[in-house]
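Notes for the structure review
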Amino acid sequence: MGLFSKIKEGLAKTRKGMSSIFGSIFSSLGGVDEDMLEELTDALIMADVGASLSEEIIDELRDRIKEKKIKDGEAVREELTDIISTILKGGEGALKLSTSPSVILVIGVNGVGKTTTIGKLAGNFVKEGKSVLLAAGDTFRAAAAEQLTVWSERAGCGIVKHAEGADPAAVIYDAINAARARKTDILICDTAGRLHNKQNLMNELSKINRVIRRELPDADVETLLVVDATTGQNGLLQAREFEKTADISGIVLTKLDGTAKGGIACAICRELDVPVKKICVGEKIEDMLDFDAASFAEASFAE
């Protein structure tokens, strides 16, 4: 299955939701006019794009309609898809993992799919022939290490863990030493489900970052924020808060196979200038995909 087909299949529910919002507008008997553009603005806001960016998109769409003398809804759909694709392309980016070891620090609040994301990342890297080690840095949530252990076994990689309640930075320190000793390619570090209004947890994240930089000063480090796409603009608020403490290098958008409308990807790419690097469109390891702007935009609006 090609990348576009895989994204389109995974976004089936997302696309259905967006179709219900946009479909009647594009087929409006009223033609292409200001009423249609006003409805599209409201629809984009409902799709979690955000008010200011929605207005920016419609302003550009209005200019294109005038310049190209567009008269039908299907042509409007094509132009809107192109505009959104361009915005999303500004947030594309591959993972940079050229050193050995390289480090991926995975952060995010509880419930966004952080543990599953780590398992999928590990599984995909192992399939590529890379050696992977997991660090169970979430020592505060009950059974977090056990859940990560299940994923390590499923992916076929090792794991470093301490007792529940242990110092997370100490877990990461030991995992770094283990990764060096085993000549591991990629170390993936879990962290607590950090509520963005808990300063002590944010401080703990800063401590972990200091340990990584001190012990592996020349290593490639990716800090991936996992965002549940179904939370809409709240996901953007979480990203803003985490950005104050963590040097976020990329976003992983999860649960796009659910009721997410997908517009949050546009908001994150434009407002935070942080790339969406991975998307998750299902529960299986192979349902984690590299983010592709054109395919995502087209699949979101495709029939």
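Check the entry above for the structure.
A short tour of the structure in this document, coming up. On a predicted model such as this, the values are computed, not experimentally measured, just so you know.

All chains considered together, the criterion is met by 1 aromatic pair. Judged by centre distance (5.4 Å) and plane angle (55°), the rings of F291 and F296 are tilted. Like F291, the residue F296 is buried in the burial classification. Above the ring of W151, the side-chain terminus of R154 is found at 4.3 Å from the ring centroid.

Take the pattern of salt bridges next. Inspection of every chain in the model, using the stated rule, returns 18 salt bridges. Residue E60 is joined to R64 by a salt bridge in which the shortest nitrogen-to-oxygen separation is 3.0 Å. In this pair, E60 and R64 are both assigned in helix α4 (residues 51–68), 4 residues apart and thus about one turn of the helix distant. Under the relative-accessibility criterion, E60 is labelled partly exposed at 36%. Here K114 ties to D190 by a salt bridge, and the two come within 2.9 Å at their closest N and O atoms. Of this pair, K114 sits in helix α6 (residues 114–127) while D190 sits in the loop between β4 (186–189) and α9 (199–215), and the two are 76 residues apart along the sequence. Here K114 falls in the buried class, since its relative accessible area comes to 6%. Through salt bridges with shared partners, one network takes in E60, R64, K68, E79 and D82.

Within soluble globular proteins, side chains that are nonpolar tend to cluster in buried spots. Counting residues in hydrophobic clusters, the biggest one holds 95 residues, and the most contacted among them are L40, L88, I188 and L253. In terms of residue count, helix α5 (residues 73–89) provides more of this core than any other element does, 7 residues in total. If we skip the residues at most four places from it in the chain, I188 touches I104, V106, I118, L121, A122, F125, V132, L133, L134 and A135.

Attention shifts here to the packing of helix α3 (residues 34–46) against α5. Interaxial distance between α3 and α5 falls to 13 Å at its minimum, and their mutual angle equals 40°. In this view, α3 runs oblique relative to α5, as classed from their interaxial angle. You can see that α3 and α5 cross each other, and the crossing is right-handed. Along the contact surface, α3 presents M36, L40 and L44, while α5 presents G73, V76, L80 and I84. The residue makeup of the contact of α3 with α5, split by class, is 6 nonpolar, 1 polar and no charged.

Burial in helix α10 (residues 233–245) covers these residues: G235, L236, Q238, A239 and F242. Angular distribution of buried residues about the axis of α10 spans 160°; they occupy a single face of the element. Those residues of α10 hidden inside the fold are in contact with β1 (102–107), α9, β5 (221–228) and α11 (264–271).

Right, let's get into unusual backbone geometry. Here the amide bond leading from S100 into P101 is cis, since omega sits at 5°, within 30 degrees of zero. With respect to the secondary-structure elements, P101 resides in the loop between α5 and β1. Look at D273: it is not a glycine, yet its phi comes out positive at around 55°. Here D273 is to be found in the loop between α11 and β7 (276–280). Looking at D273, the relative accessible area reads 62%, which means it is exposed.

Scanning all chains against the criterion turns up 0 disulfides. Lacking any disulfide linkage, C266 is separated from the closest cysteine sulfur, that of C269, by 7.1 Å. Note on C266: relative accessible area 3%, which makes it buried.

Attention now moves to the sheet that holds β7. Here 8 strands make up an open sheet; going across it, the order is β3-β2-β4-β1-β5-β6-β7-β8 and the pairing mixed. A strand with exactly one partner marks an edge of an open sheet, and here the two such strands are β3 (158–160) and β8 (288–290). Sheet twist, expressed as the mean angle between neighbouring strand axes with direction ignored, is 25°. Across 5 bridges, β1 lies against β5 in parallel orientation. Each residue of the ladder has a partner; that of V103, found in β5, is V221.

What follows is about the pairing of strand β6 (residues 250–254). Of all 5 residues in β6, 5 are buried, a share of seventy percent or more. Side chains G250, V252 and T254 project from β6 onto one buried face, and the interleaved I251 and L253 project onto a second face that is buried too. Bridging between β5 and β6 involves 5 bridges; their strand directions are parallel. Residue V227 lies in a different strand from β6, and its bridge partner there is L253. Note that the unit made of β5, α10 and β6 has a crossover that is right-handed.

Rules and cut-offs
- Residues numbered from 1 in each chain as written.
- Predicted model: local features only at pLDDT ≥ 70, side-chain atom pairs only at ≥ 80, totals over all residues.
- Heavy atoms only, no water.
- Phe/Tyr/Trp six-rings, centres within 6.5 Å; stacked < 30°, edge-to-face > 60°.
- Buried < 20%, exposed > 50% of the residue type's maximum accessible area, 1.4 Å probe, protein only.
- Lys NZ or Arg CZ within 6 Å of the ring centre and 35° of its normal.
- Salt bridge = Lys/Arg side-chain N within 4 Å of Asp/Glu carboxyl O.
- Helix = DSSP H or I, 4+ residues; strand = E, 2+ residues; numbered from the N terminus.
- Core = buried A, V, L, I, M, F, W, Y, C linked by side-chain atoms within 4.5 Å.
- Contact = heavy atoms within 4.5 Å.
- Axes fitted to C-alpha atoms, helices over the stretch in contact; angles between N-to-C directions.
- Parallel < 35°, antiparallel > 145°, perpendicular 65-115°, else oblique.
- Left-handed = near helix turned anticlockwise from the far one by under 90°.
- Nonpolar A, V, L, I, M, F, W, Y, C, P; charged D, E, K, R; others polar.
- Arc of directions from axis to C-beta.
- Disulfide = S-S within 2.5 Å.
- Pairing = 2+ DSSP bridges.
- Right-handed = clockwise from strand over helix to strand, strands pointing away.

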